[in-house]
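Listed below are the residues making up each chain.
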Amino acid sequence: MVWQRAGTVSVQNGSNTVIGANLDFAASCRNGDSFVGPDGATYEVANVASTTVISILPAYKGPTVTGAAYSIMPVQGYDKLLSDAFNSLVNQFGIKLAALGTTGNYEILPIEKGGNGNATGTAVKLSSSVMVGTVSQSGGAPTGSIIERGSNSNGEYTKFADGTMICWRTAISLAATANVTAVAPYNFPAVFSSKPSMTTTMEFPLSNDNVNITRVSSVATSGSGGYTQLKADVTQSYMLSYVSIGRWFQ
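Here is what the cut-offs are and how they apply
- Residues numbered from 1 in each chain as written.
- Predicted model: local features only at pLDDT ≥ 70, side-chain atom pairs only at ≥ 80, totals over all residues.
- Heavy atoms only, no water.
- Pairing = 2+ DSSP bridges.
- Helix = DSSP H or I, 4+ residues; strand = E, 2+ residues; numbered from the N terminus.
- Axes fitted to C-alpha atoms, helices over the stretch in contact; angles between N-to-C directions.
- Salt bridge = Lys/Arg side-chain N within 4 Å of Asp/Glu carboxyl O.
- Buried < 20%, exposed > 50% of the residue type's maximum accessible area, 1.4 Å probe, protein only.
- Core = buried A, V, L, I, M, F, W, Y, C linked by side-chain atoms within 4.5 Å.
- Contact = heavy atoms within 4.5 Å.

Draft legend 1. Main features of the sheet that holds strand 13 (residues 182-187). The three strands are arranged 13-16-15 in an open sheet whose pairing can be described as antiparallel. Of all the strands in the sheet, just strand 13 and strand 15 (213-220) have a single pairing partner and so form its edges. For this sheet the average axis-to-axis angle between neighbouring strands, irrespective of direction, equals 10°. The pairing of strand 13 with strand 16 (residues 225-232) spans six bridges and is classified as antiparallel. Residue pairing across strands places Asn187 opposite Gly225, the latter belonging to strand 16.

Written as structure tokens, this is what we have:
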């Protein structure tokens, strides 16, 4: 490395302080470098206090001078400092980094850390049901990822990643004879893991205001379907809808 000789220095006999002029000690030397003073003796740079001031060891032995020539010899010890710094990093993070190449790989990391979880948990169930992966657009509705949205001739459904599923169907036409319970069977648009809960509502106001409806309900007979029933005192077709909430996996 290049020796530092720019500018001049002022030193005082018995003092540890070296004051420079027209130089930059902070940029050109480091603690541990060798300072060759105007007296020709070699001293250790003990501290780089500023761009123009350094401290040396031992105290300056030569006569007091101002504006004198000098030189600073870099000591080839920087490789050791780098090595020490690297060893410190290894000691601090080495075990953790090594684990990433074995038991810490992405295949068994928790989902919240970017992994797939374990071999039998929720992540596997979601993956097998196309619930994990890139979100795609189909007919304006997102599918995949953490929510699956779909529909068919039996109605519409939404699957959530926690296992909840909602199915619904609107505009169910049910022809009923006066004072006779009418029943319309149907299949769910997606299969529940067990019988879900259900609610039924009128889809829109009836054309006949004099109708007296005594019973409207929907019943799930299994995870795959059920029926809607209605009883009224007027013979006509009625429009109903239902919402069913349950589990698509336990």
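And the narrative resumes.
Draft legend 2. Molecular detail of the pairing of strand 12 (residues 164-176). The pairing of strand 11 (residues 155-160) with strand 12 spans four bridges and is classified as antiparallel. The partner of Thr158 across the bridge, within strand 12, is Ile166. Hairpin geometry of strand 11 and strand 12 is characterised by an intervening segment of three residues between the two adjacent antiparallel strands and by a positive phi of about 105° at Gly163. Summarising the sheet, strand 12 and strand 17 (residues 236-247) pair through eleven bridges and their orientation is antiparallel. Counterpart to Leu174 in the pairing with strand 17 is Tyr238.

Draft legend 3. Highlighting the pattern of salt bridges. Across all of its chains, the model carries one salt bridge by this definition. The salt bridge involving Arg149 is made with Glu156; its shortest N-O contact spans 2.7 Å. Arg149 sits in the partly exposed class, given a relative accessible area of 28%. For Glu156, a relative accessible area of 29% gives the class partly exposed.

Draft legend 4. Structural view of the pairing of strand 10 (residues 147-152). Bridge analysis of strand 10 against strand 11 gives six bridges, and the strand direction is antiparallel. Paired with Ser151 across the strands is Glu156, a residue of strand 11. Once strand 10 ends, the chain turns through two residues before running back antiparallel as strand 11.

Draft legend 5. Summary view of the nonpolar core. Counting residues in hydrophobic clusters, the biggest one holds 14 residues, and the most contacted among them are Val18, Phe25, Phe35 and Ile54. If you list the elements that add at least two residues to this core, you get strand 1 (8-11), strand 4 (42-48) and strand 5 (53-57). Those residues in contact with Phe25, other than ones at most four positions away along the chain, are Val9, Val18, Gly20, Val48, Ser50, Thr51, Thr52, Val53, Ile54, Tyr70 and Ile72. Of all hydrophobic cores here, the second largest spans 13 residues; its members include Ala190, Ala220, Tyr242 and Trp248.

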